[in-house]
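Inside the fold
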Amino acid sequence: MYNTRVLAIRDLRGAEEGVRCTGCDPGGVPIMAPKLVHHTLGLDRVDSRAALIIKQEMLSAGGDAAVCRGALGRTSRCSDILVFGTRKQLWRALGKLSHQPFGCQDIASEISAVLANLDRGRDFTLRCGGRRLELGKRTHIMGILNLTPDSFSDGGRFLDPASAVAHGLRMAAEGADIIDVGGESTRPGAAPLSLAAEERRVLPVIRALAGKVGVPVSVDTYKPALAAKALDAGASIVNDIFGLRRRGMARLVARRDVPVIIMHMQGTPRDMQKAPQYGDVAGEVHRFFLERMERAHEAGVDREGMVLDPGIGFGKTSGHNFELLARLGDFRGLGRPMLVGASRKSFIGRVLDLPADRRLEGSLAAAVAAVLNGASIIRAHDVAETARACRVADEILAAG
Ligand code: 8Y7
């Protein structure tokens with residue numbers, strides 16, 4: 001028996017390790033490792049002429065590309081394509097593509113940026129005021145501090161500022177790395193809150209908590225005026241469920257030079273759960289991230305401060321939420337840390353047929369899946385439990 005087996009090799013580092021283990025010549029490691037990492041890349045709406053060139057170059061490198069039938073017969077002007085091959089094959093084709101017309105140059109540079117981003121793994125650092133969150137070391141936990149009277153899982157519990165601050169301190173003691181303070185309900189169907197009312201709820205708590213808590217405080221708001229005051233009050237991260245789409249938010253984040261969570265949402269909280277629709281949910285969220293990152297960069301936001309969040313439950317069916325968790329790895333090529341918030345959400349309740357206060361195990365399962373698929377930050381109500389689950393997931397990741 002030769003003990004023939006399939007090896008799970010996820011990235012270049014794993015490949016190098018695998019090759020080294022054979023005891024081969026050390027000089028052979030960097031030569032062979034790129035031949036045993038395989039990637040499949042999806043690109044939208046590529047000029048048909050470029051698609052054909054890419055197919056030819058990939059075939060000549062030993063890989064291939066799937067292009068739409070109409071592109072071959074030149075009956076369609078553009079084609080969604082899949083490009084697949086080993087690292088080595090992709091690099092060889094890229095070298096050739098960068099000298100070809102019809103957009104091949106831009107495609108080559110997009111692909112090489114994606115490959116470079118993949119190599120970064122989860123090695124990110126966020127600068128929050130004077131503090132640094134070293135996301136590469138372990139999964140970070142964002143504890144939820146809800147100041148809303150009607151949140152589905154802990155509504156009304158922390159309405160008075162003293163008990164809210166106490167809960168924030170308790171979450172930090174339990175291992176929260178960020179405390180996320182929010183005052184406006186974003187539950188499906190919720191109506192917007194006035195700026196003044198939101199300020200009255202949120203600012204006193206941030207002011208009291210930021211001075212004491214020892215970890216960065218994020219403000220959960222999409223309103224630039226509130227975010228500005230929250231930053232003055234001591235918050236050092238902006239958690240924006242509108243993904244910097246509200247006027248002035250990107251400029252504010254740029255001016256204050258703070259990290260920002262760019263979350264995806266289809267629609268608005270009021271209407272988002274009416275009839276969520278996607279052709280390809282992961283592909284569309286990916287495009288949203290790219291566009292938002294580009295616009296934010298143009299507004300002066302530092303790329304190193306951007307955190308991406310697929311917005312579990314925000315304009316998504318249960319099926320969309322599960323697909324995003326399963327395909328979180330599709331976002332690794334963006335080269336930014338990912339935050340996932342699945343805690344107690346209704347798609348978990350639907351699978352388990354349990355109310356919000358009995359969704360802990362389901363929430364932990366989702367958190368662990370997210371971490372194994374590349375998430376750096378988990379937003380959670382149950383901080384101690386989530387931190388313990390993530391610690392174990394981190395060990396599994398490190399051992400892989
Ligand atoms: C999320 C969030 C909520 C999330 C980010 C809830 C404010 C609903 N969910 N922010 N906020 N990501 N970044 O169940 O998933 O907590 S509110």
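Above: the structure in question.
The paragraphs below set out a description of the structure included in this document. No experiment lies behind these values; they were computed from the predicted model shown.

Counted under the stated rule, the structure contains 23 salt bridges. Note that Glu199 and Lys229 form a salt bridge whose closest N and O atoms lie 3.2 Å from each other. With Glu199 in helix 8 (residues 195–212) and Lys229 in helix 9 (residues 224–232), the pair connects residues that are 30 residues apart, well separated along the chain. A residue is classified by how much of its surface remains accessible, and Lys229, at 40% relative accessible area, is partly exposed. Salt bridges sharing common partners tie together Asp280, Glu323, Arg327 and Asp330.

Strand pairs in the sheet, formed through backbone hydrogen bonds, run parallel or antiparallel to each other. Read from one edge to the other, the open sheet built from three strands follows the order 1-3-2, with strand pairing classed as antiparallel. Edge positions in the open sheet fall to strand 1 (38–47) and strand 2 (64–66), since each of these has one partner strand only. This sheet shows a mean twist of 25° between the axes of neighbouring strands, independent of strand direction. Each of strand 1 and strand 3 (78–86) touches helix 5 (residues 87–97); the most contacted strand, strand 3, lies at about 130° to it.

Note that Asn239 resides in strand 9 (residues 237–240). We classify Asn239 as buried; its relative accessible area is 5%. Polar side-chain contacts of Asn239 include one of 3.0 Å to the side chain of Asp180. Residues in contact with Asn239, not counting those within four places in the same chain, are Asp180, Val219, Asp220, Thr221, Ile261 and Arg379.

Further remarks concern the state of the cysteines. Taken as a whole and judged by the stated rule, the model has zero disulfides. Its sulfur unpaired, Cys21 is 9.7 Å from the next cysteine sulfur, which belongs to Cys24. Cys21 gets classed as exposed once you look at its relative accessible area, which sits at 61%.

What counts, and where the lines are drawn
- Residues numbered from 1 in each chain as written.
- Predicted model: local features only at pLDDT ≥ 70, side-chain atom pairs only at ≥ 80, totals over all residues.
- Heavy atoms only, no water.
- Salt bridge = Lys/Arg side-chain N within 4 Å of Asp/Glu carboxyl O.
- Helix = DSSP H or I, 4+ residues; strand = E, 2+ residues; numbered from the N terminus.
- Buried < 20%, exposed > 50% of the residue type's maximum accessible area, 1.4 Å probe, protein only.
- Pairing = 2+ DSSP bridges.
- Axes fitted to C-alpha atoms, helices over the stretch in contact; angles between N-to-C directions.
- Contact = heavy atoms within 4.5 Å.
- Polar contact = N/O pair within 3.5 Å; in protein donor to acceptor, adjacent residues only side chain to side chain.
- Disulfide = S-S within 2.5 Å.

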